[in-house]
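If you want the building blocks of each chain, they are given just below.
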Amino acid sequence: MDQADIPALLARLSSDEDAARKMAVFKLQTSINDPAFADVFISSGGLVVLRGLIMGSGGNTLAYSLQSLTRLLEVDMGWDIFEGPSASAFVERIVELIVINPLVNILRGAMSILVALVSHSQSSQPTSPIGPTPGSFGFRALKPAVAVYPQFFELVIQQLQSADHALCANALMLINALIRDAISNSSSHSNGSGTSNGGEDWAKLVKRLQDLGLVKAVYQLMQSSSIQDLAHPVLEFQSLTKTLLRKWREVRVDLERQEHRRALKGIHLASAPDRGVNGHSKDDSLEGGKKDGRKHNPEKWRRLGFETESPAHEFDSTGYLGVMDLTDYVRKHEDGFQKLLLEQAIRPARERCPIARASLAVTMILYDHFEVDKVELEDSKGYQGVEAKDHDRLFRPLLLQWSRLHIAGLLGFFRIWKATGAELEDFDKVAELVRILVEQVVGRAARTKNILEAEDDILEYDIARLRELQMGLLELSFDDMWGQHLYQVRETLRQEALQFVKEQRVRCLLQGSWFCRPASHQRDQDEDGYEHARPWRFAKLSHNRRYLHYADFEQQMAQDPGLDVLTHKIDLGTVSSVGSNVSAGDDTRSNGSGSTVQNLASHSKATTKITIYAAETNKHGEAEEYPMLSLWPVSPSLASEWLDGLLMLLNQAPITAETSKLINLVSDYGLKIRLLNVRMDSAFDGPPPGAGVVPSRAGLDEDYFFEV
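The shown structure was predicted, so the numbers you read here are calculated from the model rather than taken from an experiment.

Trainee: Help me get a handle on the overall build of the chain, residues and values and all.
Mentor: A tally of helices and strands in the chain yields 25 helices and 11 strands. Looking at the chain as a whole, 46% of its 708 residues are labelled buried. Per element, the accessible surface of the chain, about 37700 Å² overall, is 49% carbon and sulfur.

This is the structure:
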């Protein structure tokens, strides 16, 4: 629309005919977002006409009028409509539309206008020391209207369940704007205690919204399939949630404040301080009590798991956020809290789980896990161009379930403490396991994972698996800092493990074993030429480990025969190689010293066979191998022991999977034992002071001797 047509447009907007007004405002909404057009429109008195339409019209005419004002505000013009003596009545009209009007297109426009009103910066607005400000923005502009329509917040939150995604997004943007404005006011007027001397108290506003079901509604949006249409406001709410958590942590616990003192008193009373072991008050045993029965328990706070009797100072790291988390646990699990205290009371002091300290630790674990301190508008800004597959990375619905996650993590802490038999000095180790537990369950949770599933996973996670993960993380941390040194340690431990396993395998040979010969090899001739069925063969290594003795028997003897009974022997110095059909891998492998392992398992062999070969020179001067002895192990373990034992006696590498697994197991345990002796917080501190300094010989003479 041309600027020259504005007078005619204004005339139609002021017409007594509804049809004419509707058509005019319909055209207006398509042109008013042009700054040049908007400037002429405002200077021609159009803002007064538009205000009149919003105040007095209905239906589509009202919807188009609201949309026109929204687009005018988007180009940062038309803010004068919120100034002057009639501004409060205009804002009240917008709030009234949200409360009483069921039409979606009107609700969308009204909420968009309130979002702009609350979000508009007040930095350029002059203030007067004697009277009201000429332009009132932020939540304070809505307060008079909300006082007239107290159901306003409830109805806005109800729109978060609307099937119209645009209306739902506008409602959430309005809530975000209200929270952001309250936080901004508290930051500029804060007295350091979490409340503001000027503007709206952010804590009260947030609690009011939460009591109306705000968190549950947004949580459902974050898990819904329509998340892509609501991405920007939802991610902004997620960022604001982090901001609120950070602000709660920044609130210092002060016993001079009534609400803080009341919260700590509630924790103490919920612990049933008058109930002791076997139903008797612990205070009754205290000496020097007052005659009126009011006695002071010297462990009033330490029995709850605090380190001192001044609990306020122990919340320095978590701030009032820690008080809220502990209070929430005590309120929702009061019976379990009291039962746990009674169980702890009968234990030695060093074995008691410090409940309060554990709660504070879980609070900080969640705080660090969600990176609450990294509050930037990364969520809303970083969404641009993100595909649906990245939703799980951006959206963290479980963040909104902070209290339930804290309780689940705390119960998980208690479970780990009990299962591991931890003591006070092990507190940090248990906390580290809980940190890993949160990373595994919460960190790996999909966007659609229900909070109930997450709670169950935390409470049922295998503790042995946590220990494995902890060792893996510890190794990774050492790899990062001490990669080369750790590699050397691993190699050293592997060589030690290899020697250990070699000795074990050789000891199996020294002990001797029975082998069962197949039917085709069972008949032998004696000195008179008679054949006898001798299915059993016993082989044993000599004590000097130079000869392998063996003999064949008709039956297995109850007691193993000695070397004097074994009539045959092989000098191991003459052995050239050891062959076998024991499976050592997918391919035929050859050791480095001429010993060949043939994987014949796929040939459907009925028995496992180990063959010892010797070499001789034929008439052509070439070396030929011939079999000296065959052994048929009766089990895979025996085959592994004898095959690798013989190879290792010949200074050749073991080849069976069972031996390799045993070597890895021994070396891994050796590494873990060494790592367990290193504290995480001191692993990289370097040598202690004075290490490596050569002592002085000052004052020493040569009057000494060595005792041999």
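The rest of the description comes next.
Trainee: Would you mind going over the packing of helix H6 (residues 87-100) against helix H7 (residues 104-119) in detail, with residue names and values included?
Mentor: Running from N to C, H6 and H7 cross one another at 135°; their axes reach a closest spacing of 9 Å. Considering their axes alone, H6 and H7 lie oblique with respect to each other. Like other packed secondary-structure pairs, H6 and H7 cross with a definite hand, here left-handed. Every residue of H7 that contacts H6 at Val-91, Ile-94, Val-95, Leu-97 and Ile-98 is listed here: Ile-106, Leu-107, Ala-110, Met-111, Ile-113, Leu-114 and Leu-117. Its residues assigned to classes, the contact of H6 with H7 shows 12 nonpolar, no polar and no charged.

Trainee: Got a sec to walk through helix H14 (residues 258-270)? Specific residues and values, please.
Mentor: Between its first and last C-alpha atoms H14 spans 18 Å; for 13 residues at 1.5 Å apiece the expected length is 18 Å, and the two agree. Among all positions in H14, only His-260, Ala-263, Leu-264, Ile-267, His-268 and Ala-270 are buried. Phi for Ala-272, located one or two positions after H14, is positive at around 55°.

Trainee: Any details on the nonpolar core? Residues and values, ideally.
Mentor: Counting residues in hydrophobic clusters, the biggest one holds 155 residues, and the most contacted among them are Leu-160 and Phe-413. In terms of residues, this core owes the most to one element, helix H10 (residues 165-189), which gives 12 residues. Leave out the neighbours within four places in its chain, and Leu-160 touches Cys-168, Ala-171, Leu-172, Ile-175, Leu-214, Ala-217, Val-218 and Leu-221. Leu-572, Val-575, Val-578 and Leu-647 belong to the second largest nonpolar core, which has 24 residues in total.

Trainee: With reference to specific residues and values, describe the sheet that holds strand S11 (residues 623-631).
Mentor: One open sheet holds the 3 strands; their spatial order is S7-S10-S11, and the pairing between them is antiparallel. Either end of the sheet is taken by a strand with one partner, and the two such strands are strand S7 (575-580) and S11. Direction aside, neighbouring strands of the sheet carry axes that sit 30° apart on average. In this structure, strand S10 (residues 610-617) lies alongside S11, joined through 8 bridges in antiparallel fashion. Within the sheet, the bridge partner assigned to Ala-614 lies in S11 and is Tyr-626. Each of S7, S10 and S11 touches helix H24 (residues 636-649); the most contacted strand, S10, lies at about 25° to it.

Trainee: Account for the pattern of salt bridges, naming residues and giving values.
Mentor: Following the criterion strictly, the structure yields 26 salt bridges and no others. For Glu-307, the salt bridge is made with Arg-357, and the minimal N-O distance between the two is 3.9 Å. Separated by 50 residues along the polypeptide, Glu-307 in the loop between H14 and helix H15 (319-332) and Arg-357 in helix H17 (residues 355-369) bring together distant segments of the chain. Exposure remark for Glu-307: the relative accessible area of 53% places this residue in the exposed category. Across the salt bridge formed by Lys-374 and Glu-371, the nearest N and O atoms sit 3.4 Å from each other. On the basis of relative accessibility, which here comes to 42%, the residue Glu-371 falls in the partly exposed class. Taken together, the shared-partner salt bridges in this structure form one network comprising Arg-347, Arg-350, Glu-351 and Glu-423.

Trainee: Lay out the environment of Ser-576 with the relevant residues and their values.
Mentor: Locating Ser-576 in the fold gives a position in strand S7. When its relative accessible area of 22% is taken as the criterion, Ser-576 is described as partly exposed. Separated by 40 residues in the primary sequence, Ser-576 and Glu-616 have C-alpha atoms spaced 9.5 Å apart.

Trainee: Give a description of the packing of aromatic side chains that names residues and reports values.
Mentor: According to the stated counting rule, one finds 21 aromatic pairs in the structure shown. Where Trp-514 meets Trp-536, the ring centres are 6.4 Å apart and the plane angle is 85°; that geometry is what we call edge-to-face. With Trp-514 in strand S1 (residues 513-516) and Trp-536 in strand S4 (residues 536-541), this pair connects stretches of sequence that are 22 residues apart. For Trp-514, a relative accessible area of 8% corresponds to the buried category. An aromatic cluster is defined as three or more aromatic residues linked by ring pairs; in this entry it consists of Trp-79, Phe-82, Phe-90 and Phe-137. Above the face of the Tyr-367 ring, Arg-249 is positioned so that its terminal group lies 4.6 Å from the ring centre.

Trainee: Describe in detail the sheet that holds S1, supporting the description with residues and values.
Mentor: If you walk across this open sheet you meet the 4 strands as S1-S4-S5-S6, and the pairing is antiparallel. Across the chains shown, the open sheet's two edge strands, defined by having one partner strand only, are S1 and strand S6 (568-571). Across the sheet, the axes of successive neighbouring strands diverge by a mean angle of 25°, strand direction being ignored. Here 6 bridges tie S4 to strand S5 (residues 547-553), and the two strands are oriented antiparallel to one another. Bridge pairing links Ala-539 to Tyr-550 in S5.

Trainee: An account of the packing of H15 against H17 is requested, with residue identities and associated values reported.
Mentor: At their nearest, the axes of H15 and H17 sit 9 Å apart, and the two run at 120° to each other. Between H15 and H17, the interaxial angle falls into the category oblique. The way H15 lies across H17 gives a crossing that is right-handed. Of the residues in H17, those in contact with Leu-321, Gly-322, Asp-325, Leu-326 and Tyr-329 of H15 are Ile-355, Ala-356, Ser-359, Leu-360, Thr-363 and Tyr-367. Within the contact of H15 with H17, the residues separate by chemical class into 7 nonpolar, 3 polar and 1 charged.

Trainee: Which residues make up the pairing of S10, and what are the values?
Mentor: Relative to S10, S7 is paired through 5 bridges, and the arrangement is antiparallel. The residue bridging Val-575 from the neighbouring strand is Ala-614, located in S10. Joining the antiparallel neighbours S10 and S11 is a turn of 5 residues, in which Gly-621 adopts a positive phi near 80°.

Trainee: Can you explain the confidence of the model for the chain? Please cite residues and give values.
Mentor: The pLDDT averaged across the chain works out to 81; a share of 80% of its residues lies at or above 70. Considering only residues more than four positions removed or in separate chains, one finds that residues 585-606, a stretch of pLDDT under 50, has 39 contacts.

Trainee: Account for the side chain of Thr-611, naming residues and giving values.
Mentor: When you line up the elements, Thr-611 lands in strand S10. Look past the residues within four positions of Thr-611 in its chain and what remains in contact with it is Ser-577, Val-578, Gly-579, Pro-627, Leu-629 and Ser-630.

Trainee: Can you explain unusual backbone geometry? Please cite residues and give values.
Mentor: Positive phi, close to 50°, is recorded for Glu-371, a residue that is not glycine. The residue Glu-371 is located in the loop between H17 and helix H18 (378-381) in this model. Phi at Asn-651 is positive, roughly 60°, even though this residue is not glycine. Counting through the fold element by element, Asn-651 comes out in the loop between H24 and helix H25 (657-676). Note on Asn-651: relative accessible area 64%, which makes it exposed.

Trainee: Account for helix H1 (residues 6-13), naming residues and giving values.
Mentor: Here H1 has its buried residues at Ile-6, Leu-9, Leu-10 and Leu-13. Around the axis of H1, the buried residues are gathered within 100° of arc, so they sit on the same side. Set apart from the buried face of H1 by more than 90 degrees, the exposed residues are Pro-7 and Ala-11. Looking at the buried residues of H1, the elements they touch are helix H2 (18-31), helix H3 (35-43) and helix H4 (46-56).

What counts, and at which threshold
- Residues numbered from 1 in each chain as written.
- Predicted model: local features only at pLDDT ≥ 70, side-chain atom pairs only at ≥ 80, totals over all residues.
- Heavy atoms only, no water.
- Helix = DSSP H or I, 4+ residues; strand = E, 2+ residues; numbered from the N terminus.
- Buried < 20%, exposed > 50% of the residue type's maximum accessible area, 1.4 Å probe, protein only.
- Areas by Shrake-Rupley, 256 points an atom, 1.4 Å probe, with all protein chains shown as cover.
- Axes fitted to C-alpha atoms, helices over the stretch in contact; angles between N-to-C directions.
- Parallel < 35°, antiparallel > 145°, perpendicular 65-115°, else oblique.
- Left-handed = near helix turned anticlockwise from the far one by under 90°.
- Contact = heavy atoms within 4.5 Å.
- Nonpolar A, V, L, I, M, F, W, Y, C, P; charged D, E, K, R; others polar.
- Expected span 1.5 Å × (residues − 1).
- Core = buried A, V, L, I, M, F, W, Y, C linked by side-chain atoms within 4.5 Å.
- Pairing = 2+ DSSP bridges.
- Salt bridge = Lys/Arg side-chain N within 4 Å of Asp/Glu carboxyl O.
- Phe/Tyr/Trp six-rings, centres within 6.5 Å; stacked < 30°, edge-to-face > 60°.
- Lys NZ or Arg CZ within 6 Å of the ring centre and 35° of its normal.
- pLDDT = per-residue confidence, 0-100.
- Arc of directions from axis to C-beta.

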